[in-house]
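Reading the structure
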Amino acid sequence: KLKGTVNFRRIGIHLFIDDENRMWRYYPDVSLTGDAKGTPVEYSFENVISCEIVENGSTQTTVKKKGIGRAVVGGALFGGIGAIVGATTGSSQVTEKPTVNSLWLTVGLTGAEETQLTIPLIKAATPTNSIIYKTLRKNAEDMMIEFQKMIGELELITDKDNSSKPAFSEAD
């Protein structure tokens, strides 16, 4: 357990939330085993004004040529020219895998030094059918839900404060 995280519950690999004190911590450094480390950045629920998941996807294309065997046979029978002809006559197989090149959460802030915090989750091409992608995408969605709760609570508090008395009455 990290020092000072007694009241905090962990969401994903970067985020710790203290509901009782209405605080949250972001640990920018994570070890290879998924342990949060380093100095956290701490904010209040009231600092959160927006949140979005940003994903940059692409398609990874792999082309496999089946001409190597034909090149060997062509080269053995007809020399260098036969090898070239044999290689080019082979069929090719195209495989496409949807990948994500980057995945991060952007948190809009108010009343803090920064106006925006970016929480990176994926920084390199990752197949969308991999366990890594699925786990980190779920982490992003779980964190997004928590930030939406913080924003919703703030809106409820603000609405309560603004609805105390009407600006005028019918008697006026």
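Here the structure is a predicted model, which is why all the values come from computation and not from measurement. (Residues numbered from 1 in each chain as written. Predicted model: local features only at pLDDT ≥ 70, side-chain atom pairs only at ≥ 80, totals over all residues. Heavy atoms only, no water.)

With respect to the nonpolar core
Inclusion rule: Here, the term nonpolar core denotes a set of buried Ala, Val, Leu, Ile, Met, Phe, Trp, Tyr and Cys residues that are joined through side-chain atoms within 4.5 Å. We call a residue buried when its accessible area falls under 20% of the maximum for its residue type, exposed when it is over 50%, and partly exposed in between, using a 1.4 Å probe and counting protein chains only. Counting from the N terminus, the helices are the DSSP runs of H or I reaching at least four residues and the strands are the DSSP runs of E reaching at least two.
Counting residues in hydrophobic clusters, the biggest one holds 26 residues, and the most contacted among them are Trp-24, Val-107, Leu-117, Ile-119, Met-143 and Phe-147. Every element with two or more residues in this core is listed here: strand 2 (15-18), strand 3 (23-26), strand 7 (48-65), strand 8 (92-109), strand 9 (116-122) and helix 2 (131-162). The greatest single-element share of this core, amounting to eight residues, is contributed by helix 2.

With respect to the confidence of the model for the chain
A low pLDDT means the predicted coordinates there should not be read in detail. Stated precisely, the cut-off is as follows: Per-residue confidence from the predictor is given as pLDDT, running between 0 and 100. The contact rule is simple, with two residues in contact once any of their heavy atoms fall within 4.5 Å.
Confidence along the chain averages 75 in pLDDT terms, with 62% of residues attaining 70 or more. At the level of individual helices and strands, the chain shows its lowest average pLDDT in helix 1 (residues 68-88), which scores 52, and its highest in strand 2, which scores 93. Segment residues 71-75 is flagged for pLDDT under 50; beyond a separation of four residues in sequence, or across chains, it makes eight contacts in the model. Here residues 164-172 scores under 50 on pLDDT; set against residues more than four positions off or in separate chains, the count is zero contacts.

Describing the side chain of Thr-126
Which entries qualify depends on this criterion: In protein, a polar contact requires one atom able to donate a hydrogen and another able to accept it; more generally it is a pair of N or O atoms within 3.5 Å, and residues adjacent in sequence count only if both atoms are side-chain atoms.
Positionally, Thr-126 belongs in strand 10 (residues 126-127). Within the local environment of Thr-126, its side chain forms a polar contact with the backbone oxygen of Ala-124, the two atoms lying 2.8 Å apart. For Thr-126, the contacting residues outside a window of four places in its chain are Pro-98, Thr-99, Val-100, Ile-132 and Tyr-133.

What to know about the packing of aromatic side chains
Definition in use: What counts as a ring pair is set by centres within 6.5 Å for rings of Phe, Tyr and Trp (its six-membered ring), and what kind of pair is set by the plane angle: stacked under 30 degrees, edge-to-face over 60, tilted for all other angles.
According to the stated counting rule, one finds three aromatic pairs in the structure shown. Relative to Phe-147, the ring of Trp-24 lies with its centre 4.8 Å away and its plane at 80°, an arrangement referred to as edge-to-face. Of this pair, Trp-24 sits in strand 3 while Phe-147 is found in helix 2, placing the two residues 123 residues apart along the sequence. An identical accessibility class is assigned to Trp-24 and Phe-147; each is buried. An aromatic cluster is present here, built from Trp-24, Tyr-43 and Phe-147 joined pairwise through their rings.

What about the sheet that holds strand 2?
Quick note on the threshold: Pairing between two strands is assigned when DSSP locates at least 2 bridges connecting them. Interaxial angle, 0 to 180 degrees, is taken between N-to-C directions of lines fitted to C-alpha atoms, where a helix line uses only the stretch in contact.
Taken together, the four strands give an open sheet; going across it, the order is 1-2-3-6, and neighbouring strands pair in antiparallel fashion. Looking at strand neighbours, the two that pair on one side only are strand 1 (9-11) and strand 6 (41-44), the edges of this open sheet. Neighbour-to-neighbour, the strand axes of the sheet open up by a mean angle of 25°, direction not taken into account. Pairing geometry for strand 2 and strand 3, over four bridges, is antiparallel.

Some details on unusual backbone geometry
Even without being a glycine, Arg-22 presents a positive backbone phi close to 55°. Relative to the helices and strands, Arg-22 is located in the loop between strand 2 and strand 3.

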